[in-house]
Amino acid sequence: MTARPILVHFVAVAVAQVAGPPTLDAQVVRVEIDERASFARGHSFGDTGPYEKIVGKLHIEVDPNDPANARVSDLGLASTNERGRVEVWTDFFLLKPVDTGRGNGRLLYDVANRGNKVALGTFNAGRGNDPATLEDAGDGFLMEEGYSILWSGWSGDVAAGNDRVQIGVPIARNEDGSAIVGRIYAELESTVYGLYIANVLEPGSDAAMRRYYSLPFDWGSSLPYPSVATDNGRATLIKRPHRGAKGLEIPRDEWSFGRVENGLVVPDPTWVHLEEGFEPGWLYDLVYEGKDPRVTGLGLAATRDVISFFRYASDEEGPLANPLAGSVEFAYGYGGSQSGRFLHHFVYEGFNADLQGRFVFDAIMPHVAGAGKGIFNHRFGQTTRHGSHHEEGLYPSDFFPFNSVAQRDPVTGASGSMLNRARASGHVPRIFFTQTSTEYWSRAGSLLHTDVEGKVDAELDPSVRIYMIAGTAHNSMTGGVYQSPVNRATTRPVMRALLVALDRWVSLGIEPPRSRYPRIDDGTLVDLAEFRAGWPAIPGALAPEDFYRPLRLDPGPRWYTEGIADHVPPRAGSAFGALVPMVDADGNEVAGIRLPHVAVPLATYTGWNLRDASWGAGGMLTRWMGSYLAFPQTEEERSSLGDPRRSVQGRYPTHDAYVAEVERVCRELVAGGYLLERDAAALVREAAAWEW
């Protein structure tokens, strides 16, 4: 097929309206294309050729009476148009081959993370929220493979700016048209916001301790629900050094809804000002009244309809022009962190069937999502929030059921599976859960594959595989393509190989690489006491004293049926039985996919890192960071330090011996399907180039 000419800086806006109600085969009723331009100046990516980017909006109408939308909380309280439909719009950003016939027929949907585009960094080492240049494409892996890559909005609380994709969802109102007012819980913690806010330090503050006097409710580029009034008479603010400590209520005359501006406190219904300042690392529980909840769950329905449109719609011209018409054979969903939790939740809620009963996603890849789902379909939902070891433990992001097969919670009596609804409709996708070590320490990743008490391994549904990439951290998914041997703990090489394997599983029926994750039955998944007993006494490297074990939270009887919290904050029950990966004598994990940095180590790599006491929360785990602890170079250095780990010199007598071991490990990983030949060769070249 002859490639079509590239459309450079062409702008087209389709404004025609559909004359009647949308048909049941798609809830997209209008497409606006605001920009259509060549990508990377027409660079040709392998056999696929040049790419183009298409940017615009999709207008969607959702039928509140359609059973397919019954799971959307508060949908019946949203305003409707003259056709009785609820109107939604979403940004979209599409990268596609100019000649789709030269592509691979696969649509890769990257679930935006707080409105940001992530997939190019995960698979390509690309960058930028408005990818346009060859540099933005990184090494072009996805383009060379022939994927069309799509982003759209799903989270109604994403703030504008930085080229984030957004979605416009309506607010819910009472049946009489009056505003819905409800109590809202917001946790504030100064060390989190200290990373992002540079203009609220009081003169003379100890910057190392980061004492702030004003903090916002929002987190992660989100739009918070404002307090209905700047008077705090109906609000409470309680502080505590950690979640398990008894809280101390702060008198109302010592705090206000406000922020510091030019040295003065000005009223602001989305900030809290505290006269004594916020104790670094302490948790502050704010409960206040807000109003006008967004119908957050429409993000689930809109994602379903967006993928269905690009996958199945046949119109190539007019108000329903589909730039991918007739070119998509399979659709895959990828999401990292929050976005991975969204994909997990999407399938859990049963949205993987479109309105004609067709598959939305053939497969999904929830990456670094732990065992969590999210607050994605709830009144006054705060989609950015998620529990971790120290912060946000009262946000119900990690809730039963966790397993892909039937399980029961003996404490609450609840039973079920995260695939129940998909299984009932016959739309279970193939699923790769991919985790770093961090997800076991900070996101309860073990609950995906154990019982809720952490006593026995659970079976996996035949459609599910789980992979832990040993010695990597949550934030390693966007590291460099290849780095020096001491810094190459990135998940990218594995993610690329697994995407290829996932595609072969879906399209050709070729069994994927076997799951690799720590297990109870072989002693590679353990409780904290056993981990601490096995941790080597590395000088200056203390083992964690605790980790994230999500609480059984009770937001009230309407939470799981209507998405409405009656207990604000939720009532806290006992913790689920999360576990952590066991390590060897070097402190490196023994289970999972062991890339050369772990299998042929020059250091200890962990998925956890302890906060320094100067941050006000000593001993607490950071949320996303790992640790790198270099081996002694020589036996003399090892002896002088008292380091129990063998030195680099003691492990590898020559540089060639080290490179040979890296090559051997890479061959094994390629044979197992966990590494591509191209990436294995790069890792070997990298090892050979290292100055011994």
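Values in this document were obtained by computation on a predicted structure and should not be read as measured data.

The rules we used
Residues numbered from 1 in each chain as written. Predicted model: local features only at pLDDT ≥ 70, side-chain atom pairs only at ≥ 80, totals over all residues. Heavy atoms only, no water. Helix = DSSP H or I, 4+ residues; strand = E, 2+ residues; numbered from the N terminus. Buried < 20%, exposed > 50% of the residue type's maximum accessible area, 1.4 Å probe, protein only. Contact = heavy atoms within 4.5 Å. Areas by Shrake-Rupley, 256 points an atom, 1.4 Å probe, with all protein chains shown as cover. Lys, Arg positive; Asp, Glu negative; His and termini not counted. Charge placed at Lys NZ, Arg CZ, Asp CG, Glu CD. Phe/Tyr/Trp six-rings, centres within 6.5 Å; stacked < 30°, edge-to-face > 60°. Lys NZ or Arg CZ within 6 Å of the ring centre and 35° of its normal. Axes fitted to C-alpha atoms, helices over the stretch in contact; angles between N-to-C directions. Parallel < 35°, antiparallel > 145°, perpendicular 65-115°, else oblique. Nonpolar A, V, L, I, M, F, W, Y, C, P; charged D, E, K, R; others polar. Core = buried A, V, L, I, M, F, W, Y, C linked by side-chain atoms within 4.5 Å. Salt bridge = Lys/Arg side-chain N within 4 Å of Asp/Glu carboxyl O. Polar contact = N/O pair within 3.5 Å; in protein donor to acceptor, adjacent residues only side chain to side chain. 1 Å grid on protein atoms, 1.4 Å probe; cavity = no way out; pocket = protein on both sides within 12 Å on 5 of 7 lines; lining within 4 Å. Points joined across faces, edges and corners; volume = space filled by probe spheres on them. Pairing = 2+ DSSP bridges.

1. Some points on the overall build of the chain
Within the chain, the regular secondary structure consists of 15 helices and 27 strands. Dimensions of the chain, computed from the C-alpha atoms along their principal axes, are close to 80 × 75 × 55 Å. Looking at the chain residue by residue over its 692 residues, the buried ones come to 59%. Sequence-distant contacts, at least 24 apart, represent 73% of the contacts inside the chain between residues at least 6 apart. Counting every atom, the chain has about 25700 Å² of accessible surface; 50% of that belongs to carbon and sulfur. Mean positive and mean negative side-chain charge positions of the chain (66 and 87 charges, respectively) differ by 2 Å.

2. Comments concerning the packing of aromatic side chains
Under the counting rule described, the total for this entry stands at 34 aromatic pairs. Between Phe-309 and Phe-310 the ring centres are 5.2 Å apart and the planes differ by 75°, which places this aromatic pair in the edge-to-face class. The class of Phe-309 is buried, set by a relative accessible area of 2%. Arg-358 extends its terminal NZ or CZ atom over the ring of Tyr-312, reaching a point 4.0 Å from the ring centre. In this structure, Lys-373 packs its charged tip against the face of Tyr-348, placed 5.1 Å from the ring centre.

3. With respect to the packing of helix H4 (residues 298-312) against helix H5 (residues 338-348)
The interhelical angle for the contact between H4 and H5, taken along N-to-C directions, is 85°, at an axis separation of 11 Å. By the criterion of interaxial angle, the relationship of H4 to H5 is roughly perpendicular. From H4, Gly-299, Leu-300, Thr-303 and Arg-304 reach across to H5, where they touch Phe-342, His-345 and Phe-346. In terms of residue class, the contact of H4 with H5 is built from three nonpolar, three polar and one charged.

4. Examining the nonpolar core
Counting residues in hydrophobic clusters, the biggest one holds 83 residues, and the most contacted among them are Phe-92, Leu-150, Leu-298, Phe-310 and Phe-531. Discounting residues that sit within four places of it in the chain, Phe-310 has contacts with Leu-58, Phe-92, Leu-94, Leu-107, Leu-150, Asn-322, Pro-323, Leu-324 and Val-328.

5. Some thoughts on the environment of Ala-235
By the element assignment, Ala-235 lies in the loop between strand E8 (212-216) and strand E9 (236-240). Taking the C-alpha atoms as reference, Ala-235 lies 7.1 Å from Glu-289; in sequence the two are 54 residues apart. Here Ala-235 is in contact with Arg-252, Trp-255, Phe-257, Val-287 and Tyr-288, once residues within four sequence places are set aside.

6. Focus: unusual backbone geometry
In this structure, Pro-401 follows Phe-400 across a cis peptide bond, with omega equal to 0°. Here Pro-401 is to be found in the loop between strand E17 (363-367) and strand E18 (407-408). Cis geometry is found at the peptide bond from Val-568 to Pro-569, where omega equals -5°. In this fold, Pro-569 is placed in the loop between helix H10 (559-562) and strand E24 (571-575). A positive phi angle is found at Arg-41, which is not glycine, with a value near 55°. Mapping Arg-41 onto the fold places it in the loop between strand E1 (28-39) and strand E2 (51-62). On the basis of relative accessible area, Arg-41 is assigned to the exposed category, the value being 85%. You will see that Ala-444, though not glycine, has its phi angle at about 55°, which is positive. When you line up the elements, Ala-444 lands in the loop between helix H7 (438-442) and strand E21 (464-469). Taking relative accessible area as the criterion, Ala-444 reaches 1% and is therefore assigned buried.

7. Points about the pattern of salt bridges
Enumeration over the complete set of coordinates arrives at 46 salt bridges. We note a salt bridge from Glu-276 to Lys-239, for which the minimum N-O separation is 3.0 Å. Taken together, the residues Glu-276 in strand E14 (residues 271-278) and Lys-239 in strand E9 connect sequence positions 37 residues apart. Among the ionic contacts, a cluster of salt bridges with common partners joins Glu-189, Arg-385, Glu-391, Glu-392, Arg-611 and Arg-623.

8. Some thoughts on the environment of Asp-679
Inspection of the secondary structure puts Asp-679 in helix H15 (residues 677-689). The sequence separation of Asp-679 and Glu-52 amounts to 627 residues, and the corresponding C-alpha distance is 27 Å.

9. Focus on the side chain of Asn-322
Considering the arrangement of structural elements, one finds Asn-322 in the loop between H4 and strand E16 (330-336). Here Ala-313 takes part through its backbone oxygen, which lies 2.8 Å from a polar atom of the side chain of Asn-322. Separated by 2.9 Å, the side chain of Asn-322 and the backbone nitrogen of Leu-324 make a polar contact. Not counting residues up to four positions away in its chain, the partners in contact with Asn-322 are Phe-309, Phe-310, Ala-313, Asp-315 and Glu-316.

10. Let's talk about empty space enclosed by the protein
Per the stated rule, a full pass over the model turns up 10 cavities of 30 Å³ or more. By volume, the largest cavity is sized at about 110 Å³. Along the walls of the largest cavity sit 15 residues, with Ser-222, Leu-223, Pro-224, Tyr-225 and Gln-382 positioned nearest its centre. Among the residues forming the lining of the largest cavity, the class breakdown is seven nonpolar, four polar and four charged.

11. Description of the sheet that holds E14
The strand order E8-E14-E11 describes an open sheet built from three strands, whose pairing is antiparallel. This sheet does not close on itself; its edge strands, each paired only once, are E8 and strand E11 (255-256).

12. A word on the packing of helix H14 (residues 655-672) against H15
Taken N-terminus to C-terminus, the directions of H14 and H15 make an angle of 170°; their axes are 9 Å apart at the nearest point. If you check the angle between H14 and H15, you find them roughly antiparallel. Of H15, the residues touching H14 (which contributes His-655, Tyr-658, Val-659, Val-662, Glu-663, Cys-666 and Val-670) are Glu-677, Ala-680, Leu-683, Val-684, Ala-687 and Ala-688. Residues that form the contact of H14 with H15 fall into these classes: 10 nonpolar, one polar and two charged.

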